Amino acid sequence: TSTKPNGYRTIDRIKKYAHIVDWFKERKSDREFTDEEKKIIYKQYLKIDVAGVPHTFAWGGLHGALLKYSGSGYYLHIDVSQYYPSLMVVLNYFSRAVTDEGKRRYDMMRRESIRLKAFPELKKKRNGYKLVNNKTYGGMKDKYNPLYDPLNANNICVTGQLALLLLIEMLEPHCQLIQSNTDGLIVKLHSLDDYELIDDICWEWEQLTGVSLAFDPIITRIYQKDVNNYLFVNEDGDIESKGAYVKSLSPLDYDLPIVNKALREYMVNGVLVATTINNCDELIDFQKIVKLSGKYDYVEHNNTKYTHKCYRVFASKSEHDGTIYKCKVGAEVIPHPWTGQTSNFPPTYTGGDKKDKFANTPERCFIENGNIKGSPVPHKLDRSWYVSLAEERLRQFGGN
């Protein structure tokens, strides 16, 4: 637990979720844990519902989100400004190797980072300060770093989680929790009139903890698969997204781009995924990239063997096209039918190569590894496969 600058014990104010505080307290000891005990403790985590949202509390932070959620209205993204660096300063949870002068300079950089957040055009400059702030905390968990101090690193992490839990408890009667992460919350207002009330509660929490909160622009629409996969649209029309299914793709990760585009068009503009997919005539937008790993020796498709490492795969309507497999040369061991073991008796072999279907590829497909930039979609492309995949992914984000 932590002691605030004004002497009040912030975490002692947690009432409804005091059992979560107790979970951490049960793993506290007055003696030094052995390395083996630490390994066991650090693997432990607590899965529990908080404010109607499934959460995980662990030694690296807290995470929680409504699963398969979509909605519109007024949402606040409440972000803690430089959370861990601020706890280091406010609670003196620095590495004990840091001098008083080092602490002063660190606080100066933290304040400058917070100030620069108001100037998006100075993002690169701010990132330099953030890097120093965050690397200092990271060094406290690296036993090869002079800043190594796992005790205070844990103090920061656990205190940060529980202080955020207190904020959830304070806000819960007045809004709906949508998502929690290590340094912030997303809540839905019952109405825009509640904005001032939420702001007042957040101000009270700031006075209790000594750290600052910031509200990002109001979000008006949310699609959320889980805490690591979401798309938000704010009142200015700006989009924030995270996760492979909804991110903007670059030339280096241009995998199933038409499916990403279809999801984003639906979430942002309400365009049906089938409309986006059926209106696209760029073959490259339909590519699925598969790679042959070192665990396999060759690729088989339409009874032909290939040894290239990368392939562009496309769904096909043609009955002459089949599945693409990754294959390993050599016999496969068949486990004993009763014990499942291959030892203590002569193993049996299939005598053939092992074949596995590439994940997330269609049953019927064709390969095109040449230059397809600007190439139109051929008649045999099976657009329905992409529509089905996009609709399934949309359901995972709470869409219809």
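What you see is a predicted model; the values in this text were computed from it and never measured.

1. Some words on the overall build of the protein
Then, number 1: Assigned secondary structure in the protein consists of 10 helices and 19 strands.
Then, number 2: For the protein, the spread of C-alpha atoms along the principal axes amounts to about 75 × 60 × 40 Å.
Then, number 3: When contacts within the protein are restricted to residue pairs at least 6 apart in sequence, those whose partners lie at least 24 apart make up 65%.
Then, number 4: Surface accessibility of the protein: about 21,500 Å² in total, with carbon and sulfur atoms responsible for 51%.
Then, number 5: Charged side chains in the protein number 55 positive and 51 negative. The centres of these two groups are separated by 5 Å.

2. Describing the confidence of the model for the protein
Then, number 1: Looking at the protein, the pLDDT average stands at 90 and 92% of residues meet or exceed 70.
Then, number 2: When the elements of the protein are averaged for pLDDT, strand 17 (residues 348-349) gives the smallest value, 46, and helix 9 (residues 273-279) the largest, 98.
Then, number 3: Predicted confidence for residues 1-8 stays below pLDDT 50, and this span has 21 contacts to residues more than four positions away or in other chains.

3. Remarks on the sheet that holds strand 14 (residues 310-315)
Two pairing modes exist for strands in a sheet, parallel and antiparallel, and in both the strands are linked by backbone hydrogen bonds.
Then, number 1: With antiparallel pairing, three strands are arranged side by side in an open sheet as 11-14-19. Two strands lie at the open edges of the sheet, namely strand 11 (288-291) and strand 19 (365-367), each paired on one side alone. Geometrically, the sheet is characterised by an average inter-axis angle of 40 degrees between neighbouring strands, direction not taken into account.
Then, number 2: Note that strand 11 and strand 14 share four bridges and pair antiparallel. Looking at strand 14, one finds that Val 290 is bridged to Tyr 311.

4. Here we look at the packing of helix 3 (residues 83-90) against helix 5 (residues 123-139)
Between two packed helices, both the angle of their axes relative to each other and the distance between the axes serve to describe the pair.
Then, number 1: Contact geometry for helix 3 and helix 5: axes closest at 9 Å, N-to-C directions at 70 degrees. The pairing of helix 3 with helix 5 is recorded here as roughly perpendicular in orientation. Here Tyr 84, Pro 85 and Met 88 of helix 3 lie close against helix 5, whose contacting residues are Asn 133, Asn 134, Thr 136 and Tyr 137.
Then, number 2: Within the contact of helix 3 with helix 5, the residues separate by chemical class into four nonpolar, three polar and no charged.

5. Brief notes about the pattern of salt bridges
Then, number 1: This structure, assessed with the given rule, holds 19 salt bridges.
Then, number 2: The salt bridge partner of Lys 16 is Glu 172, with a shortest N-O separation of 2.8 Å. In this pair, Lys 16 sits in the segment before helix 1 (18-25) while Glu 172 sits in the loop between helix 6 (150-171) and strand 5 (175-181), placing the two residues 156 residues apart along the sequence.
Then, number 3: Put simply, Lys 380 and Asp 321 hold a salt bridge, and the shortest N to O gap is 3.5 Å. Of this pair, Lys 380 sits in the loop between strand 19 and helix 10 (383-396) while Asp 321 is found in the loop between strand 14 and strand 15 (324-328), placing the two residues 59 residues apart along the sequence.
Then, number 4: Among the residues examined, Lys 380 registers a relative accessible area of 34% and is labelled partly exposed.
Then, number 5: Take Asp 321: its relative accessible area is 7%, and that puts it in the buried class.

6. Observations regarding the packing of helix 3 against helix 4 (residues 100-116)
Then, number 1: Where helix 3 meets helix 4, the closest approach of the two axes is 10 Å, and the angle between their N-to-C directions is 140 degrees. Judged by the angle between their axes, helix 3 and helix 4 are oblique. Between helix 3 and helix 4 lies a crossing whose hand is left-handed. Contacts between helix 3 and helix 4 involve Pro 85, Ser 86, Met 88 and Val 89 from the former and Tyr 106, Asp 107, Arg 110 and Ile 114 from the latter.
Then, number 2: In terms of residue class, the contact of helix 3 with helix 4 is made up of five nonpolar, one polar and two charged.

7. Let's talk about the side chain of Gln 224
Then, number 1: Of note, Gln 224 is situated in strand 8 (residues 219-226).
Then, number 2: Taking the relative accessible area as the measure of exposure, Gln 224 reaches 0% and is therefore buried.
Then, number 3: A polar atom in the side chain of Gln 224 sits 2.8 Å from the backbone oxygen of Leu 66.
Then, number 4: A distance of 2.8 Å separates polar atoms of two side chains, one belonging to Gln 224 and the other to Gln 179.
Then, number 5: Aside from chain neighbours lying at most four places away, what touches Gln 224 is Ala 65, Leu 66, Leu 67, Lys 68, Tyr 69, Ile 178, Gln 179, Asn 229, Tyr 230, Gln 396 and Phe 397.

8. Some remarks on the packing of aromatic side chains
Then, number 1: This structure, assessed with the given rule, holds 15 aromatic pairs.
Then, number 2: Look at Phe 24 and Trp 59: their rings are 5.5 Å apart centre to centre, the planes differ by 90 degrees, and that puts the pair in the edge-to-face class. Highlighted residues: Phe 24 in helix 1 and Trp 59 in the loop between strand 2 (53-58) and strand 3 (61-65), separated in sequence by 35 residues. Each member of the pair, Phe 24 together with Trp 59, is buried.
Then, number 3: Grouped by ring-pair contacts, the aromatic residues Trp 23, Phe 24, Tyr 42 and Trp 59 constitute a single cluster.
Then, number 4: If you follow Arg 393 out to its NZ or CZ, it ends over the ring of Tyr 245, 3.9 Å from the centre.

Reading the values: the criteria
- Residues numbered from 1 in each chain as written.
- Predicted model: local features only at pLDDT ≥ 70, side-chain atom pairs only at ≥ 80, totals over all residues.
- Heavy atoms only, no water.
- Helix = DSSP H or I, 4+ residues; strand = E, 2+ residues; numbered from the N terminus.
- Contact = heavy atoms within 4.5 Å.
- Areas by Shrake-Rupley, 256 points an atom, 1.4 Å probe, with all protein chains shown as cover.
- Lys, Arg positive; Asp, Glu negative; His and termini not counted.
- Charge placed at Lys NZ, Arg CZ, Asp CG, Glu CD.
- pLDDT = per-residue confidence, 0-100.
- Pairing = 2+ DSSP bridges.
- Axes fitted to C-alpha atoms, helices over the stretch in contact; angles between N-to-C directions.
- Parallel < 35°, antiparallel > 145°, perpendicular 65-115°, else oblique.
- Nonpolar A, V, L, I, M, F, W, Y, C, P; charged D, E, K, R; others polar.
- Salt bridge = Lys/Arg side-chain N within 4 Å of Asp/Glu carboxyl O.
- Buried < 20%, exposed > 50% of the residue type's maximum accessible area, 1.4 Å probe, protein only.
- Left-handed = near helix turned anticlockwise from the far one by under 90°.
- Polar contact = N/O pair within 3.5 Å; in protein donor to acceptor, adjacent residues only side chain to side chain.
- Phe/Tyr/Trp six-rings, centres within 6.5 Å; stacked < 30°, edge-to-face > 60°.
- Lys NZ or Arg CZ within 6 Å of the ring centre and 35° of its normal.

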